[in-house]
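Spelled out from the first residue to the last, the chains are:
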Amino acid sequence: MSETAPPAKKLTKKELKADHPTWCPACGDFAVLASFFNVVGNLGIPHEKIVCVAGIGCSSRFPYFVNAHGIHFIHGRALPLATGISLSRPDLHVFVFGGDGDGYSIGGNHLTHAARKNINLSYVIMDNFVYGLTKNQTSPTTPIGRRSKTDPRGAIDRPINPMAQLVSSGATFIARTHAAQVKHMNEMFERAILHPGFAVVETLSECTMFYPGAFDAGNPRKGGTFDLVDESSRDMESTAAAMELAEEEFPGKFGVFYETKRPTKNELEWAWIEDARSKTPDLSERDLMRKRFAGMR
Amino acid sequence: MSQASASAPQALRNAVIRLAGHSQDGIQSIGAFLAQLAGSTAQDVMTYMTIPSTISGGPSIFQVHLGSGKVLHPGDEADTLVAFYQDSYDNHLHSLRDGGICFYDSDHVTELKEERDIIHIGIPFTSASIEAIGGSAKDRGKNIFVLGTLCAVYKLDREKLVQIISRKFGKKSEDVLRNALLAFDAGFAWQVHDINHMPFAPGENEEQNRISTDGNTMLTLGLIAGGCRYGAGYPITPWSSIMETLRSELPKYGGMFIQAEDELAAVALAIGASYSGHLAITGSSGPGLSLKSEAIGYATMAELPLVVVNIQRGGPSTGMPTSVEQSDLMQAIYGSHGDSPRVVLAPRDVEDCFYTAIEACRIAREYSTPVIILSDQAIATRIEAFPEPDLEKHWIEPMLDLSTCPADCKPYPLDAITRHAPPGCPSPDGRYPVVTGLEHDEWGHPSGNPVMHEKMTAKRREKLVKLANSLPAPDFFGDEQGDLLFVGWGSTFGPIKEATERLQDAGHRVGSLHLRHIHPLRNGLADIFHRYTHVLVPEMNDCGIYGFGQLASLLRSVTCNPNIQSLNKVQGLTFRVKEIEDAALQLLR
Ligand SMILES: Cc1ncc(C[n+]2csc(CCOP(=O)(O)OP(=O)(O)O)c2C)c(N)n1
Ligand code: SF4
């Protein structure tokens with residue numbers, strides 16, 4: 001997804017690994033981290049060009065566990081922060097990590113706008129259907145009837161449908177995976193990273209502490225089903241078809257729901273800069289301002 | 001400053017012209033042309049305008065204070081009033097001094113027979129300009145017609161004025177320009193009886209290359225000259241014109257400015273660009289600053305450079321969006337959670353907007369910290385003339401330094417100011433830093449250690465103490481000790497200075513201190529305050545529950561000086577010189 005061709009040197013897990021994660025034992029996020037090491041290492045992205053960005057939540061601790069440039073920001077605002085990085089530094093590979101609370105609730109508005117602007121970055125949402133870090137409150141994806149500390153009688157608000165929201169917002173790569181399906185998760189991450197533009201992977205990642213078993217229905221080892229999107233028979237650029245997938249009953253299908261190419265905001269903004277600069281090639285920046293002053297005399 | 005009637009014409013040193021009409025009548029452009037002319041004829045100028053908060057229509061004024069010497073304020077009373085409608089006439093006649101002249105549009109205004117000594121001159125602006133242009137152009141040219149009349153009455157430099165008009169309208173189309181010049185000539189030729197023409201004494205501001213413009217424009221150019229190339233914002237009056245200008249200007253300088261979905265996204269985006277190794281800017285007006293506060297606290301904690309502009313307006317809440325106030329001071333200094341010190345600077349006039357912006361950029365970078373620029377609606381929108389800045393002296397190159405991170409990189413050393421290695425910097429030992437808003441140790445690892453939190457809090461505070469130690473003496477004028485000291489900040493500079501001069505002329509021993517660095521304050525203010533019997537702080541905010549305005553409260557808490565008094569005004573209007581003078585005289589009685 002970077003605009004410069006990456007050299008081939010691969011990074012080992014040892015090189016990419018930082019501190020031991022502070023997550024609870026068996027938290028789904030461990031698998032996501034392992035998958036990230038695997039995929040990013042294999043793609044041969046220069047180590048110093050990797051940037052990990054996150055907001056606040058258990059999952060948002062991700063940047064501390066990766067040995068790469070990283071920034072841990074405030075709750076819900078990882079996407080606009082990453083937008084600032086991505087737009088101003090097209091040489092970087094920008095990764096954003098976060099939870100369902102961070103991304104769909106407090107930061108919900110930013111998701112829509114990063115998607116419609118088609119910011120060039122990869123966003124992994126570790127959706128656990130619950131607020132983990134703040135210890136078991138209802139999240140925007142919590143199913144109706146599920147009890148939490150803030151819904152002691154069971155959730156009553158209709159959960160959002162993130163896949164449908166992403167389709168309607170204009171994201172150019174939208175995939176869904178399950179942290180218990182390592183191979184599939186690897187594939188989704190790799191495709192997201194290689195996609196030029198706004199790429200989101202909604203990753204079901206179990207909170208073993210507060211919502212164990214939330215995704216068993218999508219896990220064959222727990223008696224569920226893991227049905228894949230059949231890409232060969234689909235128009236991957238059809239939003240209507242993507243919407244149909246998004247509307248399926250849980251656990252629905254896994255895979256890429258939608259994929260298209262549209263100019264990124266990065267490209268469009270930089271094209272403007274190139275154009276603006278080419279109009280006065282012989283003027284230094286100071287001369288440009290002097291010219292402006294001359295108009296005020 | 002005699003203007004009127006029978007006596008021989010006498011050269012004017014000052015004149016205050018108030019144009020009263022509706023916002024779509026182009027009174028702003030008459031004012032802007034006059035201001036630009038003043039700058040190019042070595043005159044000084046300061047303008048003042050009110051904008052209705054409705055989009056089209058609505059009463060509006062534009063006041064121009066022209067002077068041969070230094071002009072410090074937009075003028076208490078008008079010497080000349082131009083009234084376009086009955087309501088503008090009725091509502092603004094009182095602003096005219098005794099002996100002043102009122103030009104009114106006799107197509108719309110019925111003259112009031114009043115007792116006061118005012119010279120009334122009715123001119124059919126509307127029909128005369130329609131006739132001049134040829135009937136088809138409705139009344140679009142009447143503002144330029146009026147400009148022509150003013151040019152004749154005040155014996156302004158006609159040739160230069162025509163040049164300025166041509167430059168402005170020439171860009172549009174030949175038709176527009178031709179109509180403008182026809183209207184101008186008709187206004188110029190209109191026979192104004194009963195008064196002598198009033199030429200100005202030659203301008204005394206002979207510096208080469210004087211320019212005239214408004215505060216938001218100079219603030220914007222200052223940000224660019226200070227090395228800002230990236231930023232984001234969300235529209236709000238009166239901040240919007242800065243983002244609009246940055247959006248179209250920055251690409252020419254290789255940068256970009258993004259319209260974000262809200263203020264929270266805007267500040268986040270700017271912090272992202274700063275983290276990437278650029279110096280970034282965001283900005284807003286009051287309510288938007290509130291929305292940005294969480295992220296500004298983050299920038300303090302994460303020690304990232306960030307420039308935040310706040311163009312204050314009447315508050316609280318959506319308040320009086322097109323009026324002036326200085327009531328965001330406390331919000332700027334303290335408006336976040338936790339102990340999150342940041343730098344706050346306030347420009348004193350249009351010219352100073354440029355230099356304050358550059359200084360904000362320099363400090364943000366040097367101290368890796370957020371810097372808030374507190375401007376206000378009055379400076380943002382008014383026009384002044386001043387010498388063109390010397391860019392050789394003041395330009396700061398933008399800098400993206402991607403040199404190798406030091407081995408065992410410590411992003412947050414306790415004994416030095418943080419210099420982040422932006423992404424893209426390779427690392428010799430293969431270890432990379434994480435920038436964080438969690439309390440952390442020197443390596444940026446989250447740390448809940450009580451002693452570490454205390455040390456890091458002190459580190460963030462000490463940066464500002466270091467800055468305070470390096471600050472230059474604030475602007476000072478008047479008597480070095482005596483009866484009364486004014487302390488001001490921001491756009492009240494001019495009226496306070498003129499009040500000081502008037503009080504000194506009347507035999508009082510008065511001094512005046514104007515603060516650009518509001519937080520931290522420069523050391524040694526307490527000693528200065530002690531040299532005066534009274535210290536008076538005029539500011540455009542409320543006296544609050546304890547009887548002191550926002551800066552006055554801060555100064556009292558810093559200096560423990562019980563002689564500090566407040567003079568507050570919250571009418572959405574700037575101070576008149578007389579109001580400040582009278583308040584001082586009350587204390588001096
Ligand atoms: C402005 C603000 N509001 C609330 C919080 C408290 N908070 C921290 S994390 C979180 C929710 C985290 O949930 P999610 O994003 O789903 O992440 P998870 O911990 O489940 O991975 C909340 C509400 C905060 N840090 N900042
Ligand atoms: S609380 Fe849940 S989401 Fe957070 S670390 Fe523990 S298992 Fe993972």
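Cut-offs used in this document
Residues numbered from 1 in each chain as written. Chains lettered and ligands numbered in written order. Predicted model: local features only at pLDDT ≥ 70, side-chain atom pairs only at ≥ 80, totals over all residues. Heavy atoms only, no water. Helix = DSSP H or I, 4+ residues; strand = E, 2+ residues; numbered from the N terminus. Contact = heavy atoms within 4.5 Å. Areas by Shrake-Rupley, 256 points an atom, 1.4 Å probe, with all protein chains shown as cover. Lys, Arg positive; Asp, Glu negative; His and termini not counted. Charge placed at Lys NZ, Arg CZ, Asp CG, Glu CD. UniProt positions renumbered as here; feature names shortened; annotations may be inferred. Buried < 20%, exposed > 50% of the residue type's maximum accessible area, 1.4 Å probe, protein only. Pairing = 2+ DSSP bridges. Right-handed = clockwise from strand over helix to strand, strands pointing away. Axes fitted to C-alpha atoms, helices over the stretch in contact; angles between N-to-C directions. Near = heavy atom within 4 Å. Polar contact = N/O pair within 3.5 Å; in protein donor to acceptor, adjacent residues only side chain to side chain. Nonpolar A, V, L, I, M, F, W, Y, C, P; charged D, E, K, R; others polar. Salt bridge = Lys/Arg side-chain N within 4 Å of Asp/Glu carboxyl O. 1 Å grid on protein atoms, 1.4 Å probe; cavity = no way out; pocket = protein on both sides within 12 Å on 5 of 7 lines; lining within 4 Å. Points joined across faces, edges and corners; volume = space filled by probe spheres on them.

An unreviewed UniProt entry lists chain B under the name 2-oxoacid:acceptor oxidoreductase, alpha subunit, with Haloferula helveola as the source organism.

So, on to the overall build of chain A. Each helix and strand in chain A was counted, giving 11 helices and 10 strands. Projecting the C-alpha coordinates of chain A onto the three principal axes gives extents of approximately 75 × 40 × 40 Å. Considering only contacts in chain A between residues 6 or more positions apart, those separated by 24 or more positions represent 70%. Approximately 11,900 Å² of chain A is accessible, and the part contributed by carbon and sulfur atoms is 55%. When the 34 basic and 33 acidic side-chain charges of chain A are each reduced to a single mean position, those positions are 6 Å apart.

This part is about the UniProt feature "domain: Thiamine pyrophosphate enzyme TPP-binding" (unreviewed entry) in chain A. UniProt tags residues 56–202 of chain A as "domain: Thiamine pyrophosphate enzyme TPP-binding" (unreviewed entry). The span residues 56–202 of chain A carries 36% helix and 22% strand; its end-to-end C-alpha distance comes to 17 Å.

The next point concerns the pairing of strand β10 (residues 280–284) of chain B. Residues and elements named next belong to chain B. β10 sits mainly inside the fold: 5 of its 5 residues count as buried. In β10, alternate side chains face the same way, and those of A280, T282 and S284 on one face and I281 and G283 on the other are all buried. In terms of strand pairing, strand β8 (residues 230–233) meets β10 through 4 bridges, oriented parallel. When the bridges of β10 are listed, A232 appears paired with T282. Between β10 and its parallel partner strand β11 (residues 306–312), the chain crosses via helix α10 (residues 286–302), and the hand of that crossover is right-handed.

Bringing the sheet that holds strand β17 (residues 482–489) of chain B into the picture now. All names here are of chain B. Taken together, the 5 strands give an open sheet; going across it, the order is β16-β18-β17-β20-β21, and neighbouring strands pair in mixed fashion. Strand pairing shows two members of the sheet lacking a second neighbour, β16 (475–478) and β21 (564–568), which therefore form its edges. Between one strand axis and the next, the sheet turns by 20° as a mean value, whatever way the strands run. Pairing analysis gives 6 bridges linking β17 to strand β18 (residues 510–515), with the strands arranged parallel. Paired with G488 across the bridge in β18 is H514. Across the sheet, helix α16 (residues 493–505) touches β16, β17, β18 and β20 (532–539), and the angle it forms with β18 is around 170°. In the packing of helix α18 (residues 550–559) onto the sheet, the strands contacted are β17, β18, β20 and β21, and the crossing angle to β20 comes to about 145°.

Next up on the list: the site of ligand 1. Around ligand 1 lies a shell of 17 residues, among which C58, S59, G101, D102 and N128 of chain A are the nearest. Of the chains in the model, those with residues near ligand 1 are chains A and B. Between ligand 1 and N128 of chain A there is a distance of 2.9 Å, counted from an oxygen atom to a side-chain nitrogen or oxygen. For ligand 1, an oxygen atom lies 3.2 Å from a polar atom in the backbone of V130 of chain A. Burial of ligand 1 by the surrounding chains reaches 77%, relative to a free accessible area of 590 Å². Elements with a contribution of two residues or more to the shell around ligand 1: α5 (100–106) and β5 (130–131) of chain A. Broken down by element, the residue count for the shell around ligand 1 peaks at 4 residues, all from α5 of chain A. Looking at the shell around ligand 1 residue by residue, the classes come out as 6 nonpolar, 8 polar and 3 charged.

What follows is about the pattern of salt bridges. The final tally for this structure, using the stated rule, is 43 salt bridges over all chains. When salt bridges with common partners are traced through the structure, they connect R286, D287 and R290 of chain A together with E392 and E397 of chain B into a single cluster.

Once that is clear, we can look at the side chain of S340 of chain B. Inspection of the secondary structure puts S340 of chain B in the loop between α11 (329–334) and β12 (343–345). Setting aside chain neighbours within four positions, we find S340 of chain B in contact with G297 and T300 of chain B.

Below, the discussion takes up the side chain of E202 of chain A. Residue and element names in this part refer to chain A. Mapped onto the elements of the fold, E202 is located in strand β8 (residues 198–204). Despite being buried, E202 has no salt bridge partner; R176 is the closest side chain of opposite charge, sitting 5.0 Å away. Among the polar contacts listed, one links the side chain of E202 to the side chain of Y104, at a separation of 2.3 Å. With residues up to four places along the chain from it excluded, the contact list for E202 reads Y104, I125, D127, P162, M163, A175, R176 and T177.

Unfilled space is identified by rolling a water-sized probe across the atoms. Residue and element names in this part refer to chain B. The space that makes up the largest pocket amounts to roughly 1,300 Å³. What lines the largest pocket is a set of 42 residues, among which A32, T213, D214, T217 and I383 lie closest to the centre. Looking at the lining of the largest pocket, the elements that each hand over two or more residues are α1 (27–40), α5 (158–170), β7 (210–214), α7 (215–225), α8 (240–249) and α13 (377–381). A per-element tally of the lining of the largest pocket places α1 first, with 6 residues. Looking at side-chain class alone, the lining of the largest pocket contains 17 nonpolar, 18 polar and 7 charged residues.

This part is about the environment of Q86 of chain B. All names here are of chain B. Inspection of the secondary structure assignment puts Q86 in helix α2 (residues 86–92). Judged by relative accessible area, which is 25%, Q86 ranks as partly exposed. C-alpha of Q86 to C-alpha of E111: the two residues are 25 residues apart in sequence and 8.7 Å apart in space. Each residue touching Q86, except ones within four places of it in the same chain, is listed here: H108, V109 and T110.

With that out of the way, let us pick up the site of ligand 2. Taken together, W23, C24, C27, C58, N128, C207, T208, M209 and F210 of chain A make up the full set of residues adjacent to ligand 2. For the shell around ligand 2, the per-class residue count stands at 7 nonpolar, 2 polar and no charged.

Okay, unusual backbone geometry next. With an omega dihedral of 5°, the bond running from F250 of chain A to P251 of chain A counts as a cis peptide bond. For P251 of chain A, the position within the fold is in the loop between α9 (239–246) and β10 (253–259). In this structure, the amide linkage connecting H519 of chain B to the following residue, P520 of chain B, adopts the cis form with an omega of 0°. Even without glycine at this site, E303 of chain B takes up a positive phi of about 55°.

Scanning the model with the defined rule gives 12 cavities of 30 Å³ or more in all. If you add up the space inside the largest cavity, you get close to 80 Å³. Along the walls of the largest cavity sit 14 residues, with P80, T83 and K117 of chain A together with E261 and L269 of chain B positioned nearest its centre. For the lining of the largest cavity, the secondary-structure elements that each account for two or more residues are α4 (78–88) and α6 (108–117) of chain A together with β9 (256–259) and α9 (263–275) of chain B. With 4 residues, α6 of chain A is the largest single contributor of residues to the lining of the largest cavity. Its residues assigned to classes, the lining of the largest cavity shows 8 nonpolar, 4 polar and 2 charged.

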